[in-house]
Amino acid sequence: MRVILTVLYCLSLLPCGAQRIFRPEVDSMLLTLDASKKDTGQVFTLLRIAEFHIAKNGEYDADLDSARSFIARARAINVLRPTPVGTGYIALVESLLSKEKPAGVERGHTTCRQAVSILQNAGNPYLLGKAWMALSFYGNYRDSADLAEKIACLQNALSCFERSGSIHLQGDCLENLADLYRNKDDHRKAMECGLLAIQRFRQIGYPNLQGPYINLCLVYVNGYEYDKALAAGLAAVDAIKATYDSTQQLCQVYFSVGNVYSKLSDYNNALSFFRVAFDWACKHNDVEDIYTVLNGISETLIKNGQPDTAVALLESTMRKWTCPNIPFVKLRLYRDMVASYSNNRQFDKARPWYDRLLATIKTYPGNRFFAYYAAVQYCVSSGQYAAGRALIPAYMHEMRSQSDSTMKRDAFLLLFRLDTAQHRLADAIANLLQYQRTNDSLFSAAKSREIERLQIRFAVEEKEKNITLLQKESELQKQQIASSRLMFDFSIAGAVLLLSAGFGRYRLKQRQNRELATKQLEITGQNHQLAAKQLEITVQNHQLEKLLRENEWLLREVHHRVKNNLQLIMGLLHSQSASLHDEAAVNAVLESQHRVQAMSFIHQKLYKARSVTAIAIDEYIGDLVAYLAATAKPGQHIFIERSIQPVTIDVVQAIPLGLIINEVVTNSIKYAFADKLTGRIRISLSLLPEDRISLYIADDGLGLPETFDPEAGDSFGIRLIYGLAEDLDAEIRVDTAGGLAWNLTFRRLQVESGAIA
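Residues numbered from 1 in each chain as written. Predicted model: local features only at pLDDT ≥ 70, side-chain atom pairs only at ≥ 80, totals over all residues. Heavy atoms only, no water.

### Observations concerning the overall build of the chain
The number of helices and strands found in the chain is 27 helices and seven strands. Here the chain holds 757 residues, and the buried ones make up 45% of them. Look at the contacts in the chain between residues 6 or more apart in sequence, and 66% of them connect residues 24 or more apart. When the accessible surface of the chain is split by element, carbon and sulfur atoms take 55% of a total near 38700 Å². (Helix = DSSP H or I, 4+ residues; strand = E, 2+ residues; numbered from the N terminus. Buried < 20%, exposed > 50% of the residue type's maximum accessible area, 1.4 Å probe, protein only. Contact = heavy atoms within 4.5 Å. Areas by Shrake-Rupley, 256 points an atom, 1.4 Å probe, with all protein chains shown as cover.)

### Focus on the pairing of strand S4 (residues 678–688)
Here eight bridges tie strand S2 (residues 637–644) to S4, and the two strands are oriented parallel to one another. Of the residues in S4, the one forming a bridge with Arg-642 is Ile-683. Where S4 and strand S5 (residues 692–699) come together, eight bridges link them in antiparallel fashion. Pairing of Ile-683 across the sheet is with Ile-697, part of S5. As consecutive antiparallel partners, S4 and S5 are separated by three residues, and within that stretch Glu-690 has a phi angle of approximately 60°, a positive value. (Pairing = 2+ DSSP bridges.)

### Things to note about helix H10 (residues 187–203)
For an α-helix, 3.6 residues make a turn, and residues three or four places apart therefore share a direction. In a regular helix each residue adds 1.5 Å, so 17 residues correspond to 24 Å; H10 covers 24 Å between its end C-alpha atoms and thus fits that length. For H10, the elements touching its buried residues are helix H8 (144–164), helix H9 (167–183) and helix H11 (210–222). (Expected span 1.5 Å × (residues − 1).)

### Points about the nonpolar core
Residues Leu-357 and Tyr-395 are the most contacted members of the largest nonpolar core, which totals 140 residues. With 10 residues, the single largest contributor to this core is helix H19 (residues 369–381). Once residues within four sequence positions are removed from consideration, Leu-357 is found in contact with Leu-331, Tyr-334, Arg-335, Val-338, Ala-371, Ala-374 and Ala-375. (Core = buried A, V, L, I, M, F, W, Y, C linked by side-chain atoms within 4.5 Å.)

### Re the environment of Leu-358
Here Leu-358 shows up in helix H18 (residues 347–361). A C-alpha to C-alpha distance of 8.2 Å links Leu-358 and Tyr-372, two positions 14 residues apart in sequence.

### Some thoughts on unusual backbone geometry
A positive phi angle, near 55°, is found at Tyr-244, a position not held by glycine. For Tyr-244, the position within the fold is in the loop between helix H12 (226–243) and helix H13 (248–263). Residue classification places Tyr-244 among the exposed positions, given a relative accessible area of 72%. Unlike most non-glycine residues, Glu-690 shows phi in positive territory, near 60°. Within the secondary structure, Glu-690 is located in the loop between S4 and S5. Judged by relative accessible area, Glu-690 falls into the exposed class, the value being 61%.

### Looking at the sheet that holds S4
Pairing in this open sheet of five strands is mixed, and the strands run S2-S4-S5-S7-S6 from one edge to the other. Every other strand in the sheet has two partners, leaving S2 and strand S6 (731–735) as the edge strands with one partner each. Going from strand to strand, the sheet's axes swing by 10° on average, the running direction of each strand aside. Sheet analysis places S5 next to strand S7 (residues 740–747), joined by eight bridges and oriented antiparallel. Its bridge partner lying in S7, Ala-698 is registered against Ala-741. Where helix H25 (residues 617–629) meets the sheet, it contacts S2 and S4, and its direction lies at approximately 175° from that of S2. (Axes fitted to C-alpha atoms, helices over the stretch in contact; angles between N-to-C directions.)

### Looking at the environment of Leu-677
As for its position among the elements, Leu-677 is in the loop between helix H26 (651–672) and S4. Leu-677 sits in the exposed class, given a relative accessible area of 57%.

### Quick notes on the packing of aromatic side chains
Taken as a whole and judged by the stated rule, the model has 10 aromatic pairs. Measuring from ring centre to ring centre gives 5.1 Å for Phe-44 and Tyr-89, while their planes differ by 70°; the resulting arrangement is edge-to-face. You can see Phe-44 sitting in helix H3 (residues 40–54) and its partner Tyr-89 sitting in helix H5 (residues 84–99), a full 45 residues away along the chain. Over the ring of Tyr-138 we find Lys-99, and its NZ or CZ is 5.8 Å from the ring centre. When the ring centre of Trp-353 is taken as reference, the NZ or CZ atom of Arg-356 above it lies at 4.2 Å. (Phe/Tyr/Trp six-rings, centres within 6.5 Å; stacked < 30°, edge-to-face > 60°. Lys NZ or Arg CZ within 6 Å of the ring centre and 35° of its normal.)

### Here's the deal with the pattern of salt bridges
Tallied over the full model, the rule gives 14 salt bridges. Between Asp-179 and Arg-182 there is a salt bridge, and its shortest N-O distance comes to 2.5 Å. Pair noted here: Asp-179 and Arg-182 are both in helix H9, with a separation of three residues, about one helical turn. Among the charged side chains, a salt-bridge network with shared partners connects Glu-299, Arg-335 and Asp-336. (Salt bridge = Lys/Arg side-chain N within 4 Å of Asp/Glu carboxyl O.)

### Let's talk about the state of the cysteines
A disulfide bridge is the covalent bond that connects two cysteines by way of their sulfur atoms. Within this structure, the stated rule accounts for zero disulfides. Cys-112 supplies the cysteine sulfur nearest to Cys-153, a cysteine that is in no disulfide, at a spacing of 8.0 Å. Considering cysteine sulfurs only, Cys-251 is the nearest to Cys-282, which forms no disulfide, with 9.3 Å between them. (Disulfide = S-S within 2.5 Å.)

### Some thoughts on the side chain of Arg-182
Residue classification places Arg-182 among the buried residues on the basis of a relative accessible area of 9%. Separated by 2.5 Å, the side chains of Arg-182 and Asp-179 make a polar contact. Sequence-distant contacts of Arg-182, defined by excluding residues within four places in its chain, comprise Ala-190, Asn-215, Leu-218, Val-219 and Asn-222. (Polar contact = N/O pair within 3.5 Å; in protein donor to acceptor, adjacent residues only side chain to side chain.)

### Some remarks on the packing of H9 against H11
Across the interface, H9 lies against H11 with an axial gap of 10 Å and an inter-helix angle of 20°. As judged from the angle between their axes, H9 and H11 are roughly parallel. Both H9 and H11 take part in a crossing whose hand is left-handed. In this structure, H9 uses Glu-175, Ala-178, Asp-179 and Arg-182 to contact H11, whose residues at the interface are Gly-211, Pro-212, Asn-215, Leu-218, Val-219 and Asn-222. Of the residues belonging to the contact of H9 with H11, the class tally is four nonpolar, three polar and three charged. (Parallel < 35°, antiparallel > 145°, perpendicular 65-115°, else oblique. Left-handed = near helix turned anticlockwise from the far one by under 90°. Nonpolar A, V, L, I, M, F, W, Y, C, P; charged D, E, K, R; others polar.)

### A closer look at H8
End to end, H8 covers 30 Å across 21 residues, agreeing with the expected 30 Å (1.5 Å per residue, within 8%). Backbone geometry just downstream of H8 places Gly-165 in the positive-phi region, at approximately 80°.

### A word on the packing of H13 against helix H15 (residues 287–303)
With their axes 11 Å apart at the nearest point, H13 and H15 run at an angle of 20° to one another. In terms of their interaxial angle, H13 and H15 are classed as roughly parallel. The element H13 and its partner H15 pack so that their crossing is left-handed. Within the contact between the two elements, H13 uses Gln-248, Cys-251, Phe-255 and Ser-262 and H15 uses Asp-289, Thr-292, Val-293, Gly-296, Thr-300 and Lys-303.

### Digging into the pairing of S6
In terms of strand pairing, S6 meets S7 through five bridges, oriented antiparallel. Bridged to Ile-732 within S7 is Leu-744. Taken together, S6 and the strand that follows it, S7, pair antiparallel across an intervening segment of four residues, in which Gly-738 is found at a positive phi of about 65°.

### Quick notes on the confidence of the model for the chain
Across the chain, pLDDT averages 77, with 74% of residues at or above 70. This model gives residues 1–19 a pLDDT under 50, and the stretch forms 54 contacts once residues within four places in sequence are excluded. Note that pLDDT drops below 50 for residues 450–464; the model gives that stretch six contacts with residues more than four away or on any other chain. (pLDDT = per-residue confidence, 0-100.)

Next comes the structure, spelled out in structure tokens:
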């Protein structure tokens, strides 16, 4: 993955130096070049043509010689009529030319600094901005000092382009700043620059937004905001489709989107995007990208419980394309082979790749944590605990330099497994606590970002409410002013009438006016009371809504924590099974793992769903059955047919129902097909009249003897099924003809609304 991310960074810099000069424009300049006056204008024309040849793909000598010739002609004219802007522009283009060859990088760096110094007093902010951008090309973005200098150069360039009004180059600067801030782990600034870059490009109708969007996607991935990363990645895919882009960027974009789906545990979508990237790399025989995307596919297949498919793909790819002699690519390939064979329990086949992995680690100077992790994991899984312990010092050294908290979390869990296997209980507990703290910090960081977004949204809503309240108060004041004017008019008219009718009628009118004024004051007071009451009701409604949101988020957090704790229990059971040698004990632990996983799926669904009290049973059964199907014996092919109506049920019924399905399907896989390699299991769930649910599970295996009474059996699994059926208040029927069939019917509880807005 690092190779593609590095290429993405390099490609994001290309617009800074490239002037977007196309062949028709160059041809037009060449036609008028000889007839034009030899002045600063011709110097600019010659240098733009030189830039065109420098910016061509590849480093061909013919193109560089042409650029060198045009620069020489520009220099000759500038000597006759020297100007600071011409001298600075020549130095800038010479630096771009020098940088095209590795031997000229140092010279190009020096010349570029000279160009910046000259153009600072030339009064041309556009060329000065280009020089600052070109200067940001130099240095290592992994070095903190160089990274800070690159950022400063781009900020100076952005300021110049804002003065010159070059919106497109402003977008280029902001896009590159987003990438540099991402490498600096400054998530907030990276996000701000990425969004501003897209805004600038949209302002001028620039259609090729795949680069800015995928850069923003990587920014969100670094900040663990995978939902936003997915939205940005899919926007990049839309831009590729809209512009019919079939360049290498297509491969990079689809790979990045597949990586986001993989992090979201949506492995089917991840694999589909990885396949598009893989097909592009194969079509263009781009071996480095082939092996980079292959890494993403193999990792996803392993996570999805398909290590055998990962092994087959890795082996077929190596037969067709030789792995490039790049240490990082080779290290990653060896890691994938070790992980694939180990997850497939083929430790003898994993051993040669493990040896190559250790040999390559010693010669690779970069980040080696992922390689050490795979090596230690192989040792723990294969029972070579002493060899794994010998790798721990180097493993811990690499882990301390990691910035990815998810990798650190998994590293502590692996250490816990090793300590448990070697009965180092104190170390095991310490690493387990480290794992839990790291996992909690990840959740807290995500929660903090969500709270921040909610606070911003709350502030905006409050502002809108205050504006509305001020508008109502303004309208009330206008009504009061109009009423006062009306009263004044009535008073004048009454005075005239009183003067004509006499002093007695004048006093009577005054008394009536005072009574009318009193009533008006009462009405005004009532209006104020109503406004205050309305404001009080609004505040109470807001407090209730806030309390409801907090309760719903608390429920979501509870489900998340329960799911995490169940996964932790599964890890403990897995570690325990690795140290057991009695087959019956191992089987008992594995069955317990399946039961815990069945409950874990429930809380995982509730954590991700809009509702916190009910789940879609069709999705849940699909995930559970896919997990159980992967537990079949090697070489055994069990086909599971599903016919599940989309029904939503309460979590109170979902847990016992899931455990029943787990027990029945597990028993069928283990016992029904003991004498053959293939079998078929049918599962159907349907909604009956009167809100009743029917669950039917059948296999075509050995079945049970006719004299066998399930209710009187001493099998723990069968007793558990009947006990859970009682919890559901379900009617249960068992048919042993032609296999074994279970039929449960129960009434569905009323599903309460628990959606989170």
